[in-house]
Amino acid sequence: FVTSPVGRNIISLHGKVNNESKSSNSHFGVVFGSGHFSEGPPALPISLKVLVKMANIDEDFYSRQLYVLGHEAMHRMGTANVLIAGIRGLGVEIAKNVILSGVKSVTVQDEGVTLWTDLSSQFFLNESSIGQNRAQASLRHLSALNPHVQLSSHTGPLDQDLLMQFQVVVLTDSSLDDQKRFGDFCHSKGIKFIVADTKGLCGQLFCDFGEAFEVLDQDGEAPESALIQKISQGNPGVVVCSDDQRHGFQDGSRVIFSEVQGMTELNSLGPVEIKERGSYSFSIGDTSTFSKYERGGIVTEVKQPCTIHFKALSETLTLDPELLITNDFGKIDRHKTLHLAFQALHEFVKNQQRLPRPHSQADADIILDTVKELNKEVKLERLDEAAVKQFSFTAQGELAPVNAFIGGLAAQEVIKACSRKFTPLKQWFYFDSLECLPEEDIHVEDGLFALNGTRYDGQIAVFGSKFQEKLGRQKYFLVGAGAIGCELLKNFALIGLGAGEEGHVTVTDMDYIERSNLNRQFLFRSHDIGKPKSEVAARAVKAMNPEMNITAHQNRLASESEQVYDYHFFSGLDGAAAALDNVEARAYLDSRCVEHKKPMLEGGTLGSKGHTLVVVPHLTESYGPAKSSSKKEIPLCTLKNFPHRIEHTLQWARDQFEGLYKHTPENVMMYLRDNNFMSRTLGRGDVEALQIFSEVWGSLVDLSSGGSRPRNWEDCVHWARLKWETLFNNDIRQLLYCFPPMSHGLPFWSGTKRCPHPLTFNPGNVTHMDYIVAAANLYGQTYGISGSTDRAMIRGLLDRVPVPQFTPQSLTIPVTDEEMEESESDEDECLCLLVWLGCVTRFDIICVSLFLLHQDNDSNFHMDYITAASNLRAENYDIPAVDRHESKRIAGRIIPAIATTTAAVSGLMCLELYKLLQGHQSITSYRTAFVNLAVMYFVMSLPSRAKPFTVSCICTMVYLRYTRVESLDAVYPSCEAVEH
């Protein structure tokens with residue numbers, strides 16, 4: 001029925017059980033019988049059903065998102081039909097993110113026609129769309145985002161019959177009466193109901209997922225696990241974990257035990273609730289009657305589902321602090337005021353049939369009076385009257401950054417409703433960025449906020465025409481055109497950054513578009529694969545806003561590109577934005593901005609988590625120099641001999657891959673081409689030199705003569721079989737010979753040292769054959785020999801491979817990294833290899849090829865090799881294996897990503913851009929943000945102040961770079977120096 005990467009050859013096409021699957025299906029908890037199906041296939045077991053569903057997920061397209069949501073959640077989403085009502089700026093942002101996420105279908109509904117103000121934030125409408133229905137005009141662009149999602153439009157009004165066709169309904173740009181009417185209906189019918197709205201610099205979000213909504217995974221984090229060092233007999237029993245890393249459990253977590261020796265009663269218990277006692281210990285129930293703990297054991301967290309109860313929107317309009325989320329610690333009660341202000345605005349629109357006029361004091365007074373009336377019921381202690389007036393002043397505005405932020409959050413709630421993964425919003429969320437307005441009072445001039453039928457009318461209604469002109473004059477440098485870069489460029493185009501006669505945006509990105517980018521880098525389409533990201537992104541936003549002045553580069557921002565991004569380039573900028581995926585590049589851009597006193601916007605994401613930072617010269621702290629990774633490096637001795645986590649076996653497998661298929665061919669080519677290779681290699685020390693010379697010697701000598709150089713495909717299979725025997729049998733037996741399980745009456749293998757066992761090769765085992773097929777094909781490609789994936793033929797070749805008997809040797813195996821550094825090589829062996837290599841005729845050598853790991857290409861055997869090698873080593877050490885998809889994430893160091901977080905982060909970054917252009921000098925106006933959309937966690941706080949420093953000496957002249965010293969120009973016109 002299915003053949004997929006995760007369940008290859010599970011069942012043969014003829015309805016028989018494939019014998020190869022029996023050894024691997026234990027990873028998925030599937031047990032099969034044997035024989036033919038007499039009356040058609042039986043019902044599939046639940047675990048197999050999951051595998052069948054997984055086979056329908058496009059893993060290339062959803063690559064990075066799968067690491068956020070997982071296969072099962074993605075499948076649940078693939079059955080959901082979603083209605084998005086209102087397709088102006090906020091609606092199209094939500095639709096874009098939901099479509100990219102991969103639901104079954106999306107219907108966009110809108111009765112209205114395109115107006116000039118829509119172009120301020122609706123990126124799939126243009127001037128030719130004016131007068132056309134918004135839903136129909138946007139449909140073609142929305143359909144191109146994801147070929148797996150069905151798209152349709154509805155131009156009529158909403159009614160109950162229409163709503164009954166959907167599992168999730170999202171209202172935008174709707175009246176309060178419609179929200180209450182449709183909200184009550186959806187609540188009664190079990191339809192998940194979401195309301196999202198933005199007005200100028202403010203936004204709101206509401207969720208109602210029914211009377212009892214079950215969340216299967218509250219935070220989406222991988223279950224924690226730890227190795228056990230000790231368990232006490234007592235009430236309560238105390239579990240002490242190994243000190244190589246913190247256990248990660250919290251009070252109330254439920255855990256299960258396995259592989260515990262001595263106190264074996266724990267292994268058969270169900271999930272046990274714990275109480276945290278510290279970073280490395282926790283207590284459980286009464287263990288006083290259990291057997292005495294001896295050694296070993298793993299404790300693993302068990303995720304628990306929870307049920308959340310929601311109220312209908314009409315029942316939540318009174319101020320209930322439990323249903324309102326606090327998000328900005330600089331405005332601790334602002335969300336309560338906004339809860340009343342949005343209701344007052346709905347009342348104003350209902351009575352006046354219009355929104356408040358921009359910066360109209362009279363309209364603001366009416367709304368404030370309504371808020372005060374509402375407050376008589378709820379009795380809010382601190383009513384922010386100034387915020388209510390600013391809310392009214394700007395309510396007619398349509399701002400792309402606010403829509404991007406609220407749209408990202410709303411789309412994430414749609415994903416939660418469809419997948420039952422992550423904790424949904426309960427139930428109201430309010431946001432404002434009113435500090436984007438000028439710090440001083442605005443003096444309304446004639447025509448300053450007049451709307452004259454331009455694409456920026458929605459923004460002019462908030463900031464005025466002079467601010468819009470200033471935006472157009474800006475010169476900005478964007479580094480990175482990936483996920484965040486695409487979102488930033490979209491926002492830049494909509495707000496008109498650099499779109500004036502004097503303005504300009506420069507974007508650089510050295511990468512090219514891959515298929516895995518399409519799921520979240522929404523400016524790219526399938527026909528763009530293989531093209532430069534920066535060029536395609538620049539062309540796409542130019543189509544959104546033809547007034548954009550933008551230049552695309554393919555340069556890496558680093559010291560080697562300083563001749564392009566030099567003093568004159570940075571001096572001409574107004575600021576820079578970092579849309580990068582590594583700390584080093586961010587730190588480098590930050591250093592250049594500090595050097596030239598330019599502001600910088602910075603943001604990043606990790607799955608559902610995101611952060612933003614604004615660097616203001618002389619006011620806020622800069623990003624700072626690159627710091628060493630927060631992740632603890634894996635000790636070499638752990639990788640080589642004592643792994644205890646799947647991360648260890650995957651890093652070991654990656655090291656094997658690079659050693660066999662990259663470093664060794666690289667050294668062979670240098671030996672063939674570089675006359676100084678041997679002398680330079682000797683300078684690296686005897687240990688490393690011996691290893692390199694041995695690998696080079698083996699690559700140049702035929703298998704028949706004791707080397708490892710193949711002449712044909714059969715030699716490649718021969719080599720792969722012997723390599724399997726060495727890595728997974730002989731090396732383990734040698735290790736056990738040197739370190740028996742019991743030494744001098746004490747166990748050597750305890751704590752983080754898991755006792756391994758050798759494997760016996762079985763050609764009927766899928767994982768064993770996976771290794772042989774991948775290793776042999778990669779080895780053949782190294783020498784230009786064509787390979788094969790015909791397993792029957794490969795088994796025939798394996799039958800002819802003589803496998804030598806293993807004889808253990810008396811060796812000293814290092815136990816610590818220090819011992820590994822002190823180990824010495826055999827100088828005589830090194831000398832013999834030198835003599836041999838010096839005598840080889842270099843022109844009688846086959847050219848070899850080397851490989852760089854490319855985890856996104858599923859046909860090049862790279863990840864096949866790493867997955868198989870890692871899982872075989874994991875089997876050696878009784879470490880739970882992981883599938884190919886998870887292996888790719890860990891070994892490829894892939895950063896999980898999802899479009900919703902990216903959109904939200906880019907919106908927050910552009911709000912900080914508004915403040916920079918306003919010239920704010922008060923640090924209270926700026927925000928640093930940390931968000932986790934999975935659990936609706938938001939911390940928006942003031943950035944850190946720039947740290948003052950004192951110069952202890954005075955230099956009269958310093959010849960460094962970039963800031964010109966005027967007094968030197970006459971003598972050294974080309975000299976560049978720095979103020980000191």
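- Under an unreviewed UniProt entry, the protein has the name E1 ubiquitin-activating enzyme and belongs to Neogobius melanostomus.
- Per UniProt, the comment on the protein under Catalytic activity (unreviewed entry) is "ATP + ubiquitin + [E1 ubiquitin-activating enzyme]-L-cysteine = AMP + diphosphate + S-ubiquitinyl-[E1 ubiquitin-activating enzyme]-L-cysteine."
- The Sequence similarities (unreviewed entry) comment attached to the protein in UniProt states, word for word, "Belongs to the ubiquitin-activating E1 family."

**Quick look at the overall build of the protein**
- The helix and strand tally for the protein stands at 29 helices and 27 strands.
- Split into buried and exposed, the 980 residues of the protein put 55% on the buried side.
- Sequence separation of 24 or more characterises 73% of the internal contacts of the protein that already satisfy a separation of 6 or more.
- When the accessible area of the protein is evaluated, it comes to approximately 42600 Å², of which 50% is carbon and sulfur surface.

**Some remarks on the environment of aspartate 770**
- By the secondary structure assignment, aspartate 770 is in helix H23 (residues 766-782).
- Accessibility expressed as a relative area gives 17% for aspartate 770, which makes it buried.
- The spacing of aspartate 770 and alanine 869 is 99 residues in sequence and 8.8 Å in space, taken between C-alpha atoms.

**A short note on the sheet that holds strand S22 (residues 600-606)**
- Spatial strand order, S20-S19-S18-S21-S22-S23-S26-S27: 8 strands in an open sheet with mixed pairing. One side of each edge strand has no neighbouring strand; the edge strands of this open sheet are strand S20 (550-553) and strand S27 (937-941). Across the sheet, the mean angle from the axis of one strand to that of its neighbour is 10°, orientation sign disregarded.
- Its contacts with the sheet put helix H14 (residues 483-495) on strand S18 (475-479), strand S19 (504-508), S20, strand S21 (575-578) and S22, and the angle it makes with S18 is roughly 160°.
- Across the sheet, helix H17 (residues 583-596) lies against S18, S21, S22 and strand S23 (609-615), angled at about 170° from S22, the strand it touches most.

**Quick notes on helix H27 (residues 862-876)**
- With 15 residues, H27 extends 21 Å between its outermost C-alpha atoms, agreeing within 8% with the 21 Å of an ideal straight helix rising 1.5 Å per residue.
- Among the residues trailing H27, aspartate 878 stands out with phi positive, at a value near 55°.

**Describing the sheet that holds strand S14 (residues 298-301)**
- Spatial ordering of the open sheet is given by S11-S10-S14-S8-S9-S13-S12, a layout of 7 strands whose pairing is antiparallel. Each end of this open sheet is capped by a strand with a single partner; those strands are strand S11 (272-273) and strand S12 (275-278).
- With 4 bridges joining them, strand S10 (residues 254-258) and S14 adopt antiparallel strand pairing. Counted as the bridge partner of valine 255 is glutamate 301 from S14.

Conventions we followed
- Residues numbered from 1 in each chain as written.
- Predicted model: local features only at pLDDT ≥ 70, side-chain atom pairs only at ≥ 80, totals over all residues.
- Heavy atoms only, no water.
- UniProt positions renumbered as here; feature names shortened; annotations may be inferred.
- Helix = DSSP H or I, 4+ residues; strand = E, 2+ residues; numbered from the N terminus.
- Buried < 20%, exposed > 50% of the residue type's maximum accessible area, 1.4 Å probe, protein only.
- Contact = heavy atoms within 4.5 Å.
- Areas by Shrake-Rupley, 256 points an atom, 1.4 Å probe, with all protein chains shown as cover.
- Pairing = 2+ DSSP bridges.
- Axes fitted to C-alpha atoms, helices over the stretch in contact; angles between N-to-C directions.
- Expected span 1.5 Å × (residues − 1).

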